[in-house]
Amino acid sequence: MTAPAAARARYDRATAHLDAPLAIVDLDAFDANADDLLRRAGGKPVRVASKSVRCRALLERVLARDGFRGVMSFTLAESLWLARSGFEDVLLAYPSADRAGFAELAADPKLAGAVTVMIDDPAHLDLIDAARDGGREVVRVCLELDTSLRLLGGRVRIGARRSPLHSPAQLAELARSVARRPGFRLVGIMAYEGHVAGVGDAVAGRPLRSRAIRLMQAAARRELAERRAAVVRAVRAVAPDLEFVNGGGTGSVQHTAAEDAVTEIAAGSGLFVPRLFDNYTSFTGRPAALFAQPVVRRPGVGVVTVLGGGYPASGAAGGDRLPVPYLPEGLRYDPQEGPGEVQTPLLGSPADDLLIGDKVWFRHAKAGELCERFEALHLIEGDAVTATVPTYRGEGHTFL
């Protein structure tokens, strides 16, 4: 039996008592992926990106391991919820305009001590002050550095459009604004090099494109390492008690960890290893999060139809944003229909061996977004479901 066939048999046995649609996390793969992240981090702590997990039980599981420290959250409401739930170190990765959330934060010593918010503009400080509603707690803030690679005098930009703060001088100036402002404390710097950490450099069937990506990423890493070190020096001159410098992402862990200026690494998708991480030369993970859809029709030879499954991931629309049929191997979408909201035809010879009610296993394109579709994750160890835990959605929270 091939490894994929053995995995399918194991997942089918473990969930034989459960009806699809359902989602699972293979804990053996999840834990192995966690070990790999720690190995690549080279002794620097890994902060877990909750956006890529969206399940409190799994956040708690990974944070119980030596080497993982703190959460990187994605909304202020989520940050406050996690802090109220006992997470003591929550870094909000994106600026917020949640005035009610800032009023809560500024009024509660526990929340103010646990949550760090992101800023990249003095206007963020103004908004927070205007939202305080009498709350006087000191708000912990982190500055975000724009990591984009700029070429030809800035006429060419490679990287996500995030922070406007690109140079050491710009970050030092905002650091001075924070230092002058009562009610705020600058504690960190964050820089997410998405064009390195989030872009695969071994695109199947595209050798020239893959080589171009690798050359771009090598140049981007060199430029960013030099600039990030200069930024940290400039900001520490203003705030010598800076607590952390966060960088990286699943695809760049070992490269970012090698920089002396970086004190901690951010990663989350590498725990689940969705399909977008198949195209990397920097690491190889094990798919840990899957979802199953039931076969509900057999329209003809070489065709089955499963219920639902049209769960595209965020980002520029394209085939790489779609989940993929994973087990049994050899199934593919009908190019005229693709994955549908209510039904999805699948083509290929394995279809002829599938019966009504059988499960087809899929991998999502991204990590945590899968949890927005399911209220629970069934945790598998060996060939048994050992626990069923709620996702954020299962706990009644859809933060975005």
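Our subject is the structure that appears above.
Residues numbered from 1 in each chain as written. Predicted model: local features only at pLDDT ≥ 70, side-chain atom pairs only at ≥ 80, totals over all residues. Heavy atoms only, no water.

**Regarding the side chain of Arg228**
In step 1: Tracing the backbone through its elements, the reader meets Arg228 in helix H10 (residues 207–238).
In step 2: On the accessibility criterion, Arg228 (2% relative accessible area) is buried.
In step 3: In this structure the side chain of Arg228 is engaged in a polar contact, spanning 3.1 Å, whose partner is the side chain of Glu193. (Helix = DSSP H or I, 4+ residues; strand = E, 2+ residues; numbered from the N terminus. Buried < 20%, exposed > 50% of the residue type's maximum accessible area, 1.4 Å probe, protein only. Polar contact = N/O pair within 3.5 Å; in protein donor to acceptor, adjacent residues only side chain to side chain.)

**As for the nonpolar core**
In step 1: Counting residues in each nonpolar core, the largest one holds 88 residues, and the members touching the most others are Val25, Leu58, Val117, Leu186 and Leu377.
In step 2: With 6 residues, the top contributor of residues to this core is helix H2 (residues 27–41).
In step 3: Residues within four places of Leu186 in sequence aside, it is in contact with Val141, Cys142, Leu143, Ala175, Val178, Val235, Ala239 and Leu242.
In step 4: Judged by nonpolar contacts, the second largest core, of 12 residues, contains Tyr11, Leu290, Leu327 and Trp361. (Core = buried A, V, L, I, M, F, W, Y, C linked by side-chain atoms within 4.5 Å. Contact = heavy atoms within 4.5 Å.)

**Quick notes on the packing of helix H4 (residues 76–84) against helix H5 (residues 99–107)**
In step 1: Running from amino to carboxyl end, H4 crosses H5 at an angle of 35 degrees, the nearest separation of the two axes being 9 Å. Where H4 crosses over H5, the handedness of that crossing is left-handed. Between H4 and H5, the residues in contact are Leu76, Leu80 and Arg84 and Gly101, Phe102, Glu104 and Leu105, respectively.
In step 2: Taken together, the residues of the contact of H4 with H5 sort by class into 4 nonpolar, 1 polar and 2 charged. (Axes fitted to C-alpha atoms, helices over the stretch in contact; angles between N-to-C directions. Left-handed = near helix turned anticlockwise from the far one by under 90°. Nonpolar A, V, L, I, M, F, W, Y, C, P; charged D, E, K, R; others polar.)

**Quick look at the pairing of strand S11 (residues 264–267)**
In step 1: Of the two faces of S11, the one holding Glu264 and Ala266 and the one holding Ile265 and Ala267 are both buried throughout.
In step 2: Pairing of strand S2 (residues 46–49) with S11 involves 3 bridges; the strand directions are parallel. Within S11, the position partnered with Arg47 by the bridge is Ala266.
In step 3: When strand S10 (residues 244–247) meets S11, the two strands line up parallel, connected through 2 bridges. For Asn246, the partnering residue across the bridge sits in S11 and is Glu264. (Pairing = 2+ DSSP bridges.)

**Examining the pattern of salt bridges**
In step 1: Tallying each qualifying case throughout the model produces 29 salt bridges.
In step 2: For the salt bridge of Arg8 with Asp12, the shortest nitrogen-to-oxygen distance reads 3.5 Å. Remark: Asp12 and Arg8 occur in helix H1 (residues 3–14); sequence separation between them is 4 residues, near one turn of the helix.
In step 3: Between Glu372 and Arg54 there is a salt bridge, with its nearest N and O atoms 2.7 Å apart. One end of the pair, Glu372, is in the loop between strand S17 (359–363) and strand S18 (376–381); the other, Arg54, is in the loop between S2 and helix H3 (56–63), and 318 residues separate them in sequence.
In step 4: According to the relative accessible area criterion, Arg54 is buried, its value standing at 8%. (Salt bridge = Lys/Arg side-chain N within 4 Å of Asp/Glu carboxyl O.)

**Looking at H4**
In step 1: With 7 of its 9 residues buried, H4 lies for the most part within the structure.
In step 2: Directly beyond the C-terminal end of H4, a positive phi value near 110 degrees is found at Gly86.

**A look at the sheet that holds strand S6 (residues 139–144)**
In step 1: Spatially, the 8 strands close up into a barrel ordered S2-S3-S4-S5-S6-S9-S10-S11, and their pairing is parallel. In this sheet, neighbouring strand axes are inclined to one another by 30 degrees on average, regardless of whether the strands run parallel or antiparallel.
In step 2: In the sheet, S6 pairs with strand S9 (residues 184–191) via 6 bridges, with the strands oriented parallel. The residue bridging Cys142 from the neighbouring strand is Gly188, located in S9.
In step 3: Sitting on the sheet, helix H8 (residues 168–180) touches strand S5 (115–119), S6 and S9, and the angle it makes with S6 is about 170 degrees.

**Topic: a nonpolar patch on the surface**
In step 1: A cluster of nonpolar side chains, namely Leu151, Leu152 and Val156, defines an oily patch on the protein surface of about 240 Å² accessible area.
In step 2: Along the chain, the position of Leu151 falls in strand S7 (residues 149–151).
In step 3: Taking relative accessible area as the criterion, Leu151 reaches 36% and is therefore assigned partly exposed. (Patch = residues over 30% accessible without salt bridge, like charges linked within 9 Å, V, L, I, M, F, W, Y side chains within 5 Å. Areas by Shrake-Rupley, 256 points an atom, 1.4 Å probe, with all protein chains shown as cover.)

**Digging into unusual backbone geometry**
In step 1: Between Ala20 and Pro21 the backbone carries a cis peptide bond, its omega angle lying at 5 degrees.
In step 2: When you line up the elements, Pro21 lands in the loop between H1 and strand S1 (22–26).
In step 3: Cis geometry is found at the peptide bond from Leu327 to Pro328, where omega equals 0 degrees.
In step 4: With respect to the helices, strands and loops of the structure, Pro328 is situated in the loop between strand S14 (324–327) and strand S15 (332–333).
In step 5: Its identity is not glycine, yet Asp133 carries a phi of approximately 55 degrees, on the positive side.
In step 6: Residue position: Asp133 is located in the loop between helix H7 (122–131) and S6.
In step 7: Asp133 sits in the exposed class, given a relative accessible area of 70%.
In step 8: You will see that Val273, though not glycine, has its phi angle at about 50 degrees, which is positive.

**Overview of the environment of Gly70**
In step 1: Within the secondary structure layout, Gly70 lies in strand S3 (residues 68–73).
In step 2: Gly70 sits in the buried class, given a relative accessible area of 11%.
In step 3: Separated by 17 residues in sequence, Gly70 and Phe87 place their C-alpha atoms 7.7 Å apart.
In step 4: Not counting residues up to four positions away in its chain, the partners in contact with Gly70 are Arg47, Val48, Leu63 and Asp89.

**What about the layout of surface pockets?**
In step 1: Quantified by volume, the second largest pocket comes out at close to 210 Å³.
In step 2: Lining the second largest pocket, in full, are Ala3, Pro4, Ala7, Arg10, Tyr11, Asp26, Ala29, Arg286, Pro287, Tyr326, Leu327 and Glu329.
In step 3: Counting only elements with at least two residues in the lining of the second largest pocket, the list comes to H1 and S14.
In step 4: With 5 residues, the single largest contributor to the lining of the second largest pocket is H1.
In step 5: Of the residues contributing to the lining of the second largest pocket, the split by class is 8 nonpolar, no polar and 4 charged. (1 Å grid on protein atoms, 1.4 Å probe; cavity = no way out; pocket = protein on both sides within 12 Å on 5 of 7 lines; lining within 4 Å. Points joined across faces, edges and corners; volume = space filled by probe spheres on them.)

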